[in-house]
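Structural overview for review
Okay, here's what each chain looks like letter by letter:
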Amino acid sequence: MLYLDYAATYPVYSDIVHNLHDIVNKYFFNPSSLYEPAIITKRFYENQRIAIANYLNVKADNIIFTSSATEGANLIIRGLNYKGRNKIILWGAEHACVYQCVLSCSDVKSATLESYKGYITYEDIKPYIDRDVKLVCLMHVNNETGATNDINEIARKIKECDKEILVFSDMVQSFAKIPVKLDNIDFATFSAHKIGGLRGIAALYVRNKNLLKPLIAGGGQEFGLRSGTENVLGAYAMVEAMEKTKNIYYAKHKHIIDLNNCMRNMCNSRNYIINSPEKSVPYIFNFSTLKLPSEVVINGLSERGIYVSNGSACSSKSESKSRILTSMALDDEVINTSIRVSLHPSTKLDDINEFFNALDEIIYIYG
Ligand code: PLP
């Protein structure tokens, strides 16, 4: 098997799988119970919150555990009060969990930013800023192309223009691929299964918790913002995954840049169109063959045990066309033949060669 779809999800690190058995037995107690093992479990859980806060250089009580980044985005967008200001500015290339959530809010007006460059600058946002704007949603790293937005700097300029405007950045594809700075950001989401942790746990950064009302009523866990018995195991695995990911990624960054350059050369020599802007993380690479529909290539590769995708796995059922490629005003032919390859620090040059050899064969047979 050759897995090249790490932006969709990660395998769980084997050390974490190994340790889970002990952790689940030792810390199975409900953290809200009053006896000693439960208090120890609660302390263990809170230590995971502190660890995540330390990675992000923020305070622990600004971190809320949720079940997914999708839930975190919904809590922000639906949990804010839009009385007085009821406009949200968002990028048309946001992940579906942000984009669809904004569209579903009937009390909100939205302004959608398109971008031919494939990423957003403050100048793209400025014309839409007025006294109605409550929230700007702008992701840090795009999941389909790897394009990066200088979100902390953009947020600084937004606040310089109007300090009442709140900024939410989806940072699900950022951790350890690009430095994360939250100085000017009000809300940010991170997801464990994108970095080798378990599914069912994510972290939400909230600068001011008083701005949100909970979507789930119940026992008042997570500072009253997200009721439900705490996912102690998930929080543990998320912290372990952050630690491992951070170390491996920094050590392998140059190697991944080399692999990305190699893919760019392979595409240029075949006259394929490269959709990932230069300003992208090297881990995510999007291109179009112009020769065969994406699905035919993906199926052909899958028959050979090679797994890639043509965009966001989460949107493959709900949205028929890539929003980022559409917002870049690319031709339908480019959009319909696009392929996303996403890498892991362990990906080798031989893997890239194997992928392109298989692609050449499929295009030769079906093209
Ligand atoms: N945001 C981005 C950029 C993503 O890539 C994903 C997952 O595909 C999500 C949000 C949703 O994350 P989760 O699976 O934790 O809901």
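Refer to the structure above for everything that follows.
Criteria and cut-off values
- Residues numbered from 1 in each chain as written.
- Predicted model: local features only at pLDDT ≥ 70, side-chain atom pairs only at ≥ 80, totals over all residues.
- Heavy atoms only, no water.
- Salt bridge = Lys/Arg side-chain N within 4 Å of Asp/Glu carboxyl O.
- Helix = DSSP H or I, 4+ residues; strand = E, 2+ residues; numbered from the N terminus.
- Buried < 20%, exposed > 50% of the residue type's maximum accessible area, 1.4 Å probe, protein only.
- Phe/Tyr/Trp six-rings, centres within 6.5 Å; stacked < 30°, edge-to-face > 60°.
- Expected span 1.5 Å × (residues − 1).
- Arc of directions from axis to C-beta.
- Contact = heavy atoms within 4.5 Å.

1. Description of the pattern of salt bridges
- As enumerated under the stated definition, the model contains 21 salt bridges in all.
- In this structure, the salt-bridge partner of D15 is K244, at a minimum N-O distance of 2.9 Å. Linking D15 in helix α1 (residues 14–26) with K244 in helix α7 (residues 232–269), this pair joins segments that are 229 residues apart in sequence.
- We classify D15 as partly exposed; its relative accessible area is 44%.

2. Let's talk about the packing of aromatic side chains
- Per the counting criterion, the structure on display carries 14 aromatic pairs.
- Plain terms: the ring middles of Y45 and F65 are 5.2 Å apart, the flat faces sit at 45 degrees to each other, and that makes the pair tilted. Taken together, the residues Y45 in helix α2 (residues 36–56) and F65 in strand β2 (residues 63–66) connect sequence positions 20 residues apart.
- You can call Y45 buried: its relative accessible area is 2%.
- Judged by its relative accessible area of 3%, F65 is buried.
- Consider the rings of Y249 and Y283, whose centres lie 4.7 Å apart with planes at 35 degrees: the pair is tilted. Remark: Y283 occurs in the loop between β9 (273–274) and β10 (284–288) and Y249 occurs in helix α7; sequence separation between them is 34 residues.
- A relative accessible area of 1% means that Y249 is categorised as buried.
- Judged by its relative accessible area of 1%, Y283 is buried.

3. Notes on helix α11 (residues 349–366)
- End to end, α11 covers 26 Å across 18 residues, agreeing with the expected 26 Å (1.5 Å per residue, within 8%).
- Listed in full, the buried residues belonging to α11 are D351, I352, F355, F356, A358, L359, I362 and I363. Within α11, the buried residues cover an arc of 160 degrees as seen down the axis, which keeps them to one side. Turned more than 90 degrees away from the buried face of α11, the exposed residues are D350, N357 and Y364.
- Contact partners of the buried residues in α11: β1 (2–3), α7, β10, α8 (294–303), β11 (306–307) and β12 (338–342).

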